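Residue-level listing of the chains:
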Amino acid sequence: MPANGNRPLKLQFGLINHEGRYLTAETFGFKVNASAPSLKKKQIWTLEQDSQDTQIVYLRSHLGRYLASDKDGKVTCEADGHNSDCRFLIVAQSDGRWALQSEQHLRFFGGSRDYLSCFAQVITDAELWAVHLALHPQANLLSVARKRYAHLSMEDGEIAVDVNIPWGVAALLTLVYLDGKYCLKTCDGRFLSNDGKLLTQSGKATAYTLELKCGKLAFKDCEGKYLSPMGPTGTLRSGRCSKPGKDELFDLEESHPQVVLMAANRRYVSIRQGVSLAANQEDETDMETFQMEIDKETRKCTFRTSQGNYWALVAHGGIQSTATEVSANTMFSVEWCGQKVALKANNGKYICTKKNGQLLAVSDSAGKRPVCFPLSFSALITNLPPPSSPAPDLRQLVSPRVCHHHLLSGEDEQLTLKLINRPMLILRGENGFICHHRNSNTLDASRSIYDIFTLQFNNGAYHIKGVDGRFWYVNSAGLVCSDGEVPEDFSLELLEHGRLAIRGRNGKYLHGDQGGTLKGDGLSLSSSALWEY
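For every chain, the first residue of the written sequence is number 1, and numbering continues from 1 onward in sequence order. At least 70 in pLDDT is required for a residue's local features to be given in this predicted model, at least 80 for side-chain atom pairs to be given and counted, and no such filter applies to totals for whole chains, interfaces and linings, which use all residues. Excluded from the side-chain calculation are hydrogens and water; included are all heavy atoms of the structure.

### Focus: the overall build of the protein
What counts, and what does not: In DSSP terms, a helix is any run of H or I states spanning at least four residues, a strand is any run of E spanning at least two, and both are numbered starting from the N terminus. Here the globule rule is a power law, 2.2 Å times the number of residues to the power 0.38, and the radius of gyration is based on C-alpha atoms. Throughout, exposure labels follow a simple rule: accessible area from a 1.4 Å probe, protein chains only, divided by the maximum for the residue type, with under 20% read as buried, over 50% as exposed, and the rest as partly exposed. Whether two residues are in contact is decided by their heavy atoms: any pair within 4.5 Å suffices.
When helices and strands are counted, the protein shows two helices and 51 strands. Against the compact-globule benchmark of 24 Å for 533 residues, the protein has a radius of gyration of 26 Å, which places it among compact chains. Seen along its three principal axes, the alpha-carbon backbone of the protein occupies a region of about 95 × 55 × 45 Å. In the protein, which comprises 533 residues, the proportion classed as buried is 50%. Partitioning the contacts of the protein with sequence separation of at least 6, the portion at a separation of at least 24 is 52%.

What follows is the structure, given as structure tokens:
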């Protein structure tokens, strides 16, 4: 496994038939058809390979059931395990489409609408399926042969495949799906051409057909050649090969968030001075950048350095970047306090910044004291006792129904966290991607295609800018609009593995409603307010 320690992303995709319709697994009756015009939850299939024979694949629906075909060509999707009728072979075509052949019965799968079967003895247009990846389109690209990651080399104006760990925004690549083919887009908005150059506009030379071989991806260009790393720096360009070998194979890996942290002294947390962490730098370099890896079960977080080591709690509350493996002492709880964060170590203490900038996990609280205030001065007056009564206990004057908690924060335990490797923001929720609404200034949160938004940091908050250069804001009706002339502050909370929540200036969560409209009036965190990013 490469030094980054990530696992390749599971291949999830939609299959498009010759009529431009997606293979769909219906929720009831485990029926399948090819009627859907776009890629949503019911059209997503996960590829699983056989543990003994990597050429054999299984197609799992969103319901966790497997596509199967019997000897008569009848197609079902209700098997809950890998049985012999679920075994398929992928027969890749020159245009990148797939023919799916039953390994058990040697017939091909195809058809349209409700008339699907796996009985064809030869491949015709009706048995060919185009592949539309359903992964989040921003990822790190790993060369299988070189065991190195791709990144934008600004000095050379190319994508180089020569780093052990995908670090910083330069290692983030975006797969752009256009007319059945894919473009590779760099963090500065340029597209990779097959000659290795980076172009500002997409076109024939930047479009690649995705092919699958032994669970790995290959990118075939318009001339039938494949992308591969070339030369000592691994310049990514098309080679001479018309068949993909090991040099032409890649893995897509999830891109963890990478952040810089600023303490109350307005200095960045750094490892530049050695293994002990201290907030004492004014610049953002690799030494001040840390990768946040959030555990799927506990939701606790590790912070990884550019050298591959982890922050770790050591004796007397010190924090050092010495750990090479994840353990209890490398895990930290992250508490989101508006536009600041507090970090709690495994000893139950919060990290605070000393006067010399050193970070120590020695605070009993994050500087937060819950204090109740009445919702209005009149509510307090109403609850006051008569003048002749003893001095009141103010804690008892305020009913829970007329108060709320304010967190009085001590600055030494508060850090400003800045997400640096998502300047291009693509958000996918439980019902689809966020995209500009076709006929209004609102945003749609249930689309099969996505828009790329620009994320701009602003002193702990973020501004989100659309493709037309205008900004997101929440209007008086609670709708998120995208035509703002001036930027509005939003807060990001990195809460789960691969997912974040967004709060508006009103403190409420952004979520997709049942109709797919993006709204900024969520009172509590729910699945509809979590976004893959």
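On we go.
### Remarks on unusual backbone geometry
Backbone geometry follows two general trends: most residues other than glycine have a negative phi, and most peptide bonds adopt the trans configuration. Look at L106: it is not a glycine, yet its phi comes out positive at around 60°. Structurally, L106 can be placed in the loop between β9 (98-102) and β10 (108-112). For R299, which is not glycine, the phi dihedral falls at a positive 65°. With respect to the helices and strands, the residue R299 is situated in the loop between β28 (290-294) and β29 (301-304). On the basis of relative accessible area, R299 is assigned to the partly exposed category, the value being 47%.

### Topic: the nonpolar core
What counts here: What makes a nonpolar core is a set of buried Ala, Val, Leu, Ile, Met, Phe, Trp, Tyr and Cys residues whose side-chain atoms join them at distances within 4.5 Å.
In this structure, L261, F303, W311 and W472 are the most contacted members of the largest nonpolar core, which totals 53 residues. Counting residues in hydrophobic clusters, the runner-up holds 46 residues, among them L59, L67, V75 and C77.

### Side note on the side chain of Q291
The condition that has to hold: Counting of polar contacts relies on pairs of N or O atoms within 3.5 Å, with two restrictions inside protein: one atom must be capable of donating a hydrogen and the other of accepting it, and residues adjacent in sequence are counted only when both atoms are side-chain atoms.
Relative to the helices and strands, Q291 resides in strand β28. The exposure class of Q291 is buried, given its relative accessible area of 2%. Within the structure, Q291 has its side chain in polar contact with the side chain of Q258 (distance 2.8 Å). Within polar-contact distance, the side chain of Q291 engages the side chain of E293 at 2.7 Å.

### Notes on the confidence of the model for the protein
The cut-off we apply is this: Per residue, pLDDT captures the predictor's confidence, and it can take any value from 0 to 100.
For the protein, per-residue confidence averages 88 on the pLDDT scale, and residues scoring 70 or more make up 90% of the total. Contacts of residues 368-409 to residues separated by more than four positions or lying in other chains number 42 contacts, the stretch itself having pLDDT below 50.

### Quick notes on the environment of P244
Looking at the secondary structure, you find P244 in the loop between β23 (235-238) and β24 (250-254). Here the alpha-carbon distance between P244 and L523, two residues 279 residues apart in the chain, equals 51 Å. Aside from chain neighbours lying at most four places away, what touches P244 is E211, K213, A218, Y226 and L249.

### Comments concerning the packing of aromatic side chains
The geometry of two aromatic rings is summed up by the distance between their centres and the angle between their planes. Just so we agree on the cut-off: When two rings of Phe, Tyr or Trp (its six-membered ring) have centres within 6.5 Å they constitute a pair, described as stacked for plane angles under 30 degrees, edge-to-face for angles over 60, and tilted for the intermediate range. A positively charged side chain is recorded as over a ring if its NZ (Lys) or CZ (Arg) lies within 6 Å of the ring centre. The angle to the ring normal must also be within 35 degrees.
Within this structure, the stated rule accounts for 13 aromatic pairs. Ring plane angle 80° and centroid distance 6.4 Å describe the contact between Y58 and Y66, whose orientation is recorded as edge-to-face. With centroids separated by 6.0 Å and ring planes inclined at 80°, the aromatic side chains of W311 and F332 adopt a geometry described as edge-to-face. Taken together, the positions of W311 in strand β30 (residues 310-313) and F332 in the loop between β31 (319-323) and β32 (333-337) put the pair 21 residues apart, joining distant regions of the chain. Pair check on accessibility: W311 and F332 agree, each one buried. What links up through ring pairs into an aromatic cluster is the set F290, F303, W311 and F332. The ring centre of F119 lies 4.3 Å from the NZ or CZ of R107, which sits over that ring.

### Concerning the pattern of salt bridges
Using the following cut-off: What counts as a salt bridge is simple: a side-chain nitrogen of Lys or Arg found within 4 Å of a carboxyl oxygen of Asp or Glu.
One pass over the full model with this rule turns up 22 salt bridges. Its salt-bridge partner being E496, residue R299 comes within 2.7 Å of it at the nearest N-O pair. Highlighted residues: R299 in the loop between β28 and β29 and E496 in strand β47 (residues 491-496), separated in sequence by 197 residues. In the salt-bridge network here, residues are joined through shared partners; they are D50, R87 and E103.

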